[in-house]
Amino acid sequence: MSIVKNSALRIVFMGTPDFAVGSLKHILEAGLEVVGVITAPDRPAGRGRKVQESAVKQFAVEHHLKVLQPTNLKDDNFWRELKDLKANLQVVVAFRMLPKEVWQMPEYGTFNLHASLLPQYRGAAPINWAIINGETETGVTTFYIDEKIDTGNIILQQKEKILLEDNVGDLHDRLMETGAKLVVETCKLIGQGSVELKAQQESADLKPAPKIHKETCEIDWNHSMKAIYDHIRGLSPYPGAWTTLVQGDKEEQIKIFATQMESENHNYNVGTLVVDKKSIKVAVKNGFIQLTELQLPGKRRMKVNEVLNGLKLEEGVYLR
């Protein structure tokens, strides 16, 4: 990889979800040339299985950018199309793992934006896991891609505070903006030939950020009050933490999106629901988790006052 001072950048941008749109938008607003956009193929989504375009594709089409949607990143035809774009830099934000033949293709390399302060929280869900683990600080990192996942040399980093009331949606939006600015700054440094790289330091206390699965989202009411609170907000608004509502012989899954913590001594069994005209609370160790936004089976997501209007609970109901 070579870097030529004051080079004119020809950028290929690779990304798929909303998080990536912020970076592509800022690149264009900075006056940098984007010669092509690589994003996921259109796929059926939602209850009606209607074919949907990725957020990045929608933005790229609106701005008249050339779009490629390969199903196989190792396909020779895709490689030819990519080479024909004559890019000298590739920028990756929330995309798939690239084969070496792709990330080493441009003259100035391929860098990625990751939503954590690497080497912490390598993996697919860094925003979720930072909140689930109760962190008070995270950030964004740009780094050059290499053979492994999220291990390449760091170019730039920017810290971001995590507030106690933040959920994933809140933090996602702030990191999208912070990350977009960092991407533009990184592009300019590369174009100027003034990048100073820093190797990632391995250590025994690194925390991973693996993909979120359904079992990850189940709430364990035996955990501490703060751990439960962090778990719920670390999965809100998507995919949503869930638990099992037990009424006699009837069991059904509900999702919980927002809560408050109440420290209080009580004699309830863990998981017991305490309901009055204004609130729904779950007994936990050393207090209660007050539910403020939830979703019952077959219903839309609702505030607790809406739920209470139609909720009928038997004695002895609890969450498991």
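How each quantity is defined
- Residues numbered from 1 in each chain as written.
- Predicted model: local features only at pLDDT ≥ 70, side-chain atom pairs only at ≥ 80, totals over all residues.
- Heavy atoms only, no water.
- Helix = DSSP H or I, 4+ residues; strand = E, 2+ residues; numbered from the N terminus.
- Buried < 20%, exposed > 50% of the residue type's maximum accessible area, 1.4 Å probe, protein only.
- Contact = heavy atoms within 4.5 Å.
- Lys, Arg positive; Asp, Glu negative; His and termini not counted.
- Charge placed at Lys NZ, Arg CZ, Asp CG, Glu CD.
- Domains from an automatic or database assignment.
- Buried area = accessible area lost by both parts, 1.4 Å probe.
- Salt bridge = Lys/Arg side-chain N within 4 Å of Asp/Glu carboxyl O.
- Nonpolar A, V, L, I, M, F, W, Y, C, P; charged D, E, K, R; others polar.
- Phe/Tyr/Trp six-rings, centres within 6.5 Å; stacked < 30°, edge-to-face > 60°.
- Lys NZ or Arg CZ within 6 Å of the ring centre and 35° of its normal.
- Pairing = 2+ DSSP bridges.

Observations regarding the overall build of the protein
- Within the protein, the regular secondary structure consists of 8 helices and 16 strands.
- For the protein, the spread of C-alpha atoms along the principal axes amounts to about 70 × 45 × 30 Å.
- By the burial criterion, 50% of the 320 residues in the protein qualify as buried.
- Within the protein, contacts between residues at least 6 apart in sequence are counted, and of these 66% link residues at least 24 apart.
- Charge separation in the protein, taken as the distance between the mean sites of 40 positive and 41 negative side-chain charges, equals 2 Å.

Concerning the domain arrangement of the protein
- Splitting the protein by domain gives domain 1 (10-192) and domain 2 (214-319).
- Averaged C-alpha coordinates put domain 1 and domain 2 at centres separated by 35 Å.
- Each partner contributes to the interface: domain 1 provides 13 residues, whereas domain 2 provides 13 residues.
- Both faces combined, the contact of domain 1 with domain 2 buries some 930 Å², and carbon together with sulfur accounts for 56% of it.
- The largest share of the area that domain 1 buries against domain 2 comes from Ile132, Leu164 and Asn167, three residues that together contribute 49% of it.
- At the junction of domain 1 and domain 2, the tally comes to 0 salt bridges.
- Breaking the side of domain 1 that touches domain 2 down by element, the ones donating at least two residues are helix H5 (126-132) and helix H6 (168-192).
- Top contributing element to the side of domain 1 that touches domain 2 by residue count: H5, with 4 residues.
- Among the residues making up the side of domain 1 that touches domain 2, the classes are represented as 7 nonpolar, 4 polar and 2 charged.

So, unusual backbone geometry
- Note that the residue after Leu118, namely Pro119, is joined by a cis bond; omega there is 15 degrees.
- By secondary structure assignment, the location of Pro119 is in the loop between strand E7 (110-114) and H5.
- For the bond from Ser236 to Pro237, the omega torsion is 10 degrees, close enough to zero to count as cis.
- Among the secondary structure elements, Pro237 is positioned in the loop between helix H7 (225-233) and strand E10 (241-247).
- Despite not being glycine, His64 has its phi angle at roughly 60 degrees, a positive value.
- By the element assignment, His64 lies in the loop between helix H2 (55-62) and strand E5 (67-68).
- The phi dihedral of Tyr121 falls on the positive side, at around 60 degrees, and the residue is not glycine.

Some points on the packing of aromatic side chains
- What the rule picks out here adds up to 1 aromatic pair.
- Relative to Phe288, the ring of Tyr268 lies with its centre 6.0 Å away and its plane at 70 degrees, an arrangement referred to as edge-to-face. On the criterion of sequence distance, the pair formed by Tyr268 in the loop between strand E11 (250-263) and strand E12 (273-275) and Phe288 in strand E14 (residues 287-295) is long-range, its members being 20 residues apart.
- Using a relative accessible area of 3% as the deciding quantity, one classes Phe288 as buried.
- When the ring centre of Trp242 is taken as origin, the NZ or CZ atom of Lys214, which lies over that ring, is 5.4 Å away.
- Taking the ring centre of Phe257 as reference, the NZ or CZ of Arg301 above it sits at 4.2 Å.

Notes on the sheet that holds E5
- Here 7 strands make up an open sheet; going across it, the order is E5-E2-E1-E6-E7-E8-E9 and the pairing mixed. A single partner strand is all that each edge strand has here, and the edge strands are E5 and strand E9 (154-161).
- When E7 meets strand E8 (residues 137-144), the two strands line up antiparallel, connected through 4 bridges. What sits directly across from Phe111, in E8, is Tyr144.

Side note on the pattern of salt bridges
- Across all of its chains, the model carries 16 salt bridges by this definition.
- The partner of Glu29 in a salt bridge is Lys25, with the nearest N and O atoms 2.7 Å apart. Of this pair, Glu29 and Lys25 both sit in helix H1 (residues 18-29), 4 residues apart, roughly one helical turn.
- Using a relative accessible area of 36% as the deciding quantity, one classes Lys25 as partly exposed.
- Between Arg301 and Glu293 there is a salt bridge whose closest N-O contact spans 2.6 Å.
- Looking at Arg301, the relative accessible area reads 30%, which means it is partly exposed.
- Using a relative accessible area of 14% as the deciding quantity, one classes Glu293 as buried.
- A single salt-bridge network, built from bridges that share partners, covers Asp42, Glu53 and Lys57.

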